[in-house]
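The lines below spell out each chain.
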Amino acid sequence: MFIFKLASRSLLAATCVVSFGIACASAQAAEKTLTVYTYESFTSEWGPGPKVKEAFEKTCGCSVNFVSVADGVALLSRLKLEGAGTKADVVLGLDTNLTTEAKATGLFDVSGVDVGALKVPGGYQDDVFVPYDYGHFAVIYDSQAIKNPPKSMKDLVDGNPSQKIVIEDPRTSTPGLGLLLWVKSVYGDQTPEAWAKLKKRVLTVTPGWSEAYGLFTKGEAPMVLSYTTSPAYHMVAENTDRYQAAAFSEGHYIQIEVAGLLKNAPDKELARDFLKFMITPAFQDAIPTNNWMMPVSATSQPLPDAFDKLVKPSKTFLMSSEDVARNRKTWIDEWLAAMSMN
């Protein structure tokens, strides 16, 4: 009997050790966390973040922790401030205007993701950053307040000062930087004069897109700097075509948004899995009707009919990331000087 009890106890102890080991392994798997730095509109309840988090967590045995700031330029500023001590594994929300400057920080590693099959205007490819969506910047106007919207950048700059526009700050916002580069692309050496004129139409300058678009939809101004895809939101979610994009005869500046892997990510395999996941239908499906941008890869469902009604730019502007990195400070100083004039 004693021998039986001893054997039973030994078996029980062994079983407990095995069970404890399995429990520990499960706990360790569940404790894996992927920290993704991104922008606020991505993680909002109506943005793609919640769906992306749910879909990836079903496959990764991990928890996705989104850390958000106002906008894409603010992401780069935060990374520079944190340096090698950053807690980010992945940064999602920079754009191609910032990639050279981002690489110069030395914080990013090669992605390890094949992007050759992606459909990105201009055929953008990079061994560090993975594109996940794109859209053209546009002036969005309230058709109930403006009957004759601007038909060109010149119309916007020289138009009626009483018809105001809300724009974003190029120092903190990727749309704000996009407008800066758009104006520079059209006006070249005459850009300071263009800003001085446009200033008369600017109601306010916000740190990021969310604040600007919120002021616009509240009726504070009849125009806002956003994207050609923005009207699709109102058509699909609100069943209204009140808000429209103004088609500019000179063309529109494009934004290609990207994500990158940090060199100091504690679990690079997990981080790379997320980057690969970003170009699958599970992620791309969340882009058109949550981020209201264009997907770069195949989706499992067709785009809503509203996307067929959007402005399709006759010409696309896109400066090289190297040119932007060399000139961004000078061009922002031009903008600041013009905007501070009485």
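Residues numbered from 1 in each chain as written. Predicted model: local features only at pLDDT ≥ 70, side-chain atom pairs only at ≥ 80, totals over all residues. Heavy atoms only, no water.

With that settled, consider the overall build of the protein. Of regular secondary structure, the protein possesses 14 helices and twelve strands. Based on the C-alpha atoms only, the size of the protein along its principal axes is roughly 100 × 45 × 35 Å. With 342 residues in all, the protein has 49% of them scored as buried. Of all intrachain contacts in the protein linking residues separated by at least 6 positions in sequence, the fraction that spans at least 24 positions is 78%. Approximately 15600 Å² of the protein is accessible, and the part contributed by carbon and sulfur atoms is 55%. Between the averaged position of the 33 positive side-chain charges in the protein and that of its 38 negative side-chain charges there is a distance of 2 Å. (Helix = DSSP H or I, 4+ residues; strand = E, 2+ residues; numbered from the N terminus. Buried < 20%, exposed > 50% of the residue type's maximum accessible area, 1.4 Å probe, protein only. Contact = heavy atoms within 4.5 Å. Areas by Shrake-Rupley, 256 points an atom, 1.4 Å probe, with all protein chains shown as cover. Lys, Arg positive; Asp, Glu negative; His and termini not counted. Charge placed at Lys NZ, Arg CZ, Asp CG, Glu CD.)

Before going further, it helps to spend a moment on the packing of helix α8 (residues 191–198) against helix α14 (residues 321–339). Across the interface, α8 lies against α14 with an axial gap of 8 Å and an inter-helix angle of 40 degrees. Judged on the interaxial angle alone, α14 and α8 are oblique. Handedness of the α8/α14 crossing: right-handed. Facing α8, whose interface residues are T191, P192, W195 and A196, α14 presents E334, W335 and A338. Taken together, the residues of the contact of α8 with α14 break down into five nonpolar, one polar and one charged. (Axes fitted to C-alpha atoms, helices over the stretch in contact; angles between N-to-C directions. Parallel < 35°, antiparallel > 145°, perpendicular 65-115°, else oblique. Left-handed = near helix turned anticlockwise from the far one by under 90°. Nonpolar A, V, L, I, M, F, W, Y, C, P; charged D, E, K, R; others polar.)

Side-chain pairing between opposite charges can occur once the charged atoms of the two side chains come close. The tally for this structure, following the rule as stated, stands at 15 salt bridges. E101 is the salt-bridge partner of R328, the closest N and O atoms lying 2.8 Å from each other. One end of the pair, R328, is in helix α14; the other, E101, is in helix α5 (residues 99–103), and 227 residues separate them in sequence. Among the ionic contacts, a cluster of salt bridges with common partners joins K80, E101 and R328. (Salt bridge = Lys/Arg side-chain N within 4 Å of Asp/Glu carboxyl O.)

Right, let's get into the state of the cysteines. Applying the stated criterion across every chain, the model contains one disulfide. Each disulfide pairs two cysteine sulfurs, and for C60 the partner residue is C62, the sulfurs being separated by 2.0 Å. Here the disulfide of C60 and C62 is left-handed, its torsion about the S-S bond being about -90 degrees. Classification of C60 as buried rests on a relative accessible area of 14%. (Disulfide = S-S within 2.5 Å.)

On to the nonpolar core, then. Inside soluble globular proteins, nonpolar side chains tend to come together where they are buried. Counting residues in each nonpolar core, the largest one holds 99 residues, and the members touching the most others are L94, F108 and F274. In terms of residue count, strand β5 (residues 129–142) provides more of this core than any other element does, nine residues in total. For F108, the residues in contact, after removing those within four places along its chain, are L79, V91, L94, A102, V128, F129, G260, L261, L262 and K263. One finds A232, M235, A306 and L310 within the second-largest nonpolar core, a separate group that totals six residues. (Core = buried A, V, L, I, M, F, W, Y, C linked by side-chain atoms within 4.5 Å.)

With that out of the way, let us pick up helix α11 (residues 268–277). Every buried residue of α11 is accounted for by L270, A271, F274, L275 and F277. An end-on view of α11 places all buried positions within 160 degrees of arc, on one side of the element. Tucked inside the fold, the buried residues of α11 contact β1 (33–39), α3 (49–60), β3 (90–95), β5, β10 (252–262) and α12 (281–284). (Arc of directions from axis to C-beta.)

Once that is clear, we can look at the layout of surface pockets. If a probe the size of a water molecule is rolled over the atoms, the empty space left behind becomes visible. Each pocket or cavity is described by its volume, and for the largest pocket that value is around 480 Å³. Contributing elements (two or more residues each) for the lining of the largest pocket: α7 (174–187), α9 (209–217), α10 (230–237), β10 and α13 (287–291). When residues of the lining of the largest pocket are assigned to their parent elements, the largest contribution, five residues, is made by α9. By residue class, the composition of the lining of the largest pocket is ten nonpolar, ten polar and three charged. Taken as a whole, the second largest pocket holds about 240 Å³ of empty space. The wall of the second largest pocket is formed by 15 residues, among which M294, F307, L310, V311 and K312 lie closest to the centre. The dominant element in the lining of the second largest pocket, judged by the number of residues it contributes, is β5, at three residues. Residue composition of the lining of the second largest pocket, by class: eight nonpolar, four polar and three charged. (1 Å grid on protein atoms, 1.4 Å probe; cavity = no way out; pocket = protein on both sides within 12 Å on 5 of 7 lines; lining within 4 Å. Points joined across faces, edges and corners; volume = space filled by probe spheres on them.)

In contact at an axis separation of 11 Å, α7 and α14 are set at 90 degrees when each is read in the N-to-C sense. As far as their axial angle goes, α14 and α7 are roughly perpendicular. The residues of α14 that touch α7, namely those facing L177, L180, L181 and K184, are V324, R328, W331, I332, E334 and W335. Among the residues forming the contact of α7 with α14, the class breakdown is seven nonpolar, no polar and three charged.

Turning next to the packing of aromatic side chains. A full pass over the atoms with the stated rule returns 17 aromatic pairs. Seen in terms of ring centroids, Y132 and F283 are 6.0 Å apart; in terms of plane orientation they differ by 85 degrees. Their pairing is edge-to-face. Highlighted residues: Y132 in strand β5 and F283 in helix α12, separated in sequence by 151 residues. Consider the rings of F216 and Y243, whose centres lie 5.2 Å apart with planes at 65 degrees: the pair is edge-to-face. (Phe/Tyr/Trp six-rings, centres within 6.5 Å; stacked < 30°, edge-to-face > 60°.)

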